[in-house]
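Structure at a glance
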Amino acid sequence: MGGRVVKEGQAEVLFPSLNDVFYNPVQEFNRDLSTAVIQAHAAQHLDVLEHEAGEVCEDGLTVLEALAASGLRSIRFAREIRGLKSVVANDWSKQATESIRRNVTYNKVDQLVTPHNGDASMLMYQHKQPKDRFNVIDLDPYGSPTPFLDSAVQSVSDGGLLCVTATDMAVLCGNSPETCYTKYGAIALKTRSCHEFALRILLQCLESHANRYGRYIEPLLSLSIDFYCRVFVRVHTGQAVCKQ
C-alpha cells in the first residue's frame, strides 16, 4: 500500500497521501495522557487485570471519540486499554470515516472500534437517555470545544469521564476578552497566571453546561500544555449539589 505509516503507541495508521486526514504529532502526549487516565478510570469500575487490551469486555466501558479524524486515538484506546466494551470513532468527514475504517481493519480492532460518519453533537444528543449514554467521551476539536459541550454533558453516564481539549489559548489567555465571553461566558485576563485562568474558565464552562441538566462536574486532572488546555472531569447527577 502506498503512502506512509505513522506508528504511535501500539497503533499504526495509514496515510495514503499528505492531504488524506489531519494528523498532529505534537498531540501525542495528549493521546498518551488520555490513554492513561481512561485506563485508571476503567480500573475503578472493574478488575482490568482479568482482561487483555484489544479484547471485548462485556461489562467494560463504552467510549466515544466524537471528532476522530484518522481514528488514531480510538485505535490506541482499543489496543492499549484493558476493560473496554466498545469504542465509537466519529467524524463529520466521509473521507475521515473511510480513513478510520481502513485503519481499524489494518490494526485488527474491528471487534472494538466502530467507525461512524455524522455530526458529533447530533450523535451525542441521540445518546442522552441514561441507558444509551457513553462511559467516556473524548472531545479534541480544532479550536474551542464549546459547540459540543451541551450535548456532551447530557450523553456521558452518571460518574462517567469527560475528556476535553481547548486549543484556542489566545482567547482563553486574554488576547480577546469579548470572544472569550461569547464562547465561554467569562472574561479572560492577561496576567502571569493566564494559563491557570484558562483552565478555570474551561472548567467553569463545563460546570455551567452540566448544571442546566441537574448535573455537576468533578475535576480530576487539568493541564495547560504547549498551545492547549486538557481537562478530565467526572460528570455526576444531583440537583442538590448543583444548588450549593
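In this numbering scheme, every chain counts its residues from 1 along its sequence in written order. Since the coordinates come from a predicted model, pLDDT governs what is reported: local features require at least 70, and pairs of side-chain atoms require 80 or more to be given and counted, while whole-chain, interface and lining totals use all residues. Only hydrogens and water are set aside when side-chain values are computed; all heavy atoms of the structure are taken into account.

**Re the packing of helix H7 (residues 177-184) against helix H8 (residues 194-211)**
Relative to each other, H7 and H8 sit at 30 degrees, their axes nearing to 10 Å. In terms of orientation, H7 lies roughly parallel with respect to H8. From H7, Cys180, Lys183 and Tyr184 reach across to H8, where they touch Ile201, Leu202, Gln204 and Cys205. Side-chain classes follow a simple rule in which Ala, Val, Leu, Ile, Met, Phe, Trp, Tyr, Cys and Pro form the nonpolar group, Asp, Glu, Lys and Arg form the charged group, and the remainder, Gly included, forms the polar group. In terms of residue class, the contact of H7 with H8 is made up of 5 nonpolar, 1 polar and 1 charged. Whenever a helix is involved, its axis is fitted only over the stretch in contact; in every case the axis is a line through C-alpha atoms, and angles between N-to-C directions fall within 0 to 180 degrees. For the purposes of this entry, the term helix denotes a DSSP run of H or I that reaches at least four residues, the term strand denotes a run of E that reaches at least two, and both are numbered from the N terminus. Geometric relationships in this document are graded by angle, where less than 35 degrees denotes roughly parallel, more than 145 denotes roughly antiparallel, 65 to 115 denotes roughly perpendicular, and other angles denote oblique. The contact criterion used throughout is that any non-hydrogen atoms of two residues lie within 4.5 Å.

**Some points on the environment of Phe15**
With respect to the helices, strands and loops of the structure, Phe15 is situated in strand E2 (residues 11-15). Between buried and exposed lies partly exposed: a residue is buried under 20% and exposed over 50% of the maximum accessible area for its type, with that area taken using a 1.4 Å probe on protein chains only. According to the relative accessible area criterion, Phe15 is buried, its value standing at 2%. Along the chain, Phe15 and Val5 lie 10 residues apart, while their C-alpha atoms are 6.2 Å from each other.

**Considerations on a nonpolar patch on the surface**
On the surface, Tyr181, Ile187 and Leu189 cluster together to form a nonpolar patch covering roughly 300 Å² of accessible area. Among the secondary structure elements, Leu189 is positioned in the loop between H7 and H8. Judged by relative accessible area, which is 41%, Leu189 ranks as partly exposed. To count toward a patch, a residue needs a relative accessible area above 30% and no salt bridge. Like charges then connect within 9 Å, nonpolar side chains (Val, Leu, Ile, Met, Phe, Trp, Tyr) within 5 Å. For the accessible areas, the method is Shrake-Rupley and the probe is 1.4 Å, while residue cover comes only from the protein chains on display. Think of a salt bridge as a Lys or Arg side-chain nitrogen and an Asp or Glu carboxyl oxygen that are within 4 Å of each other.

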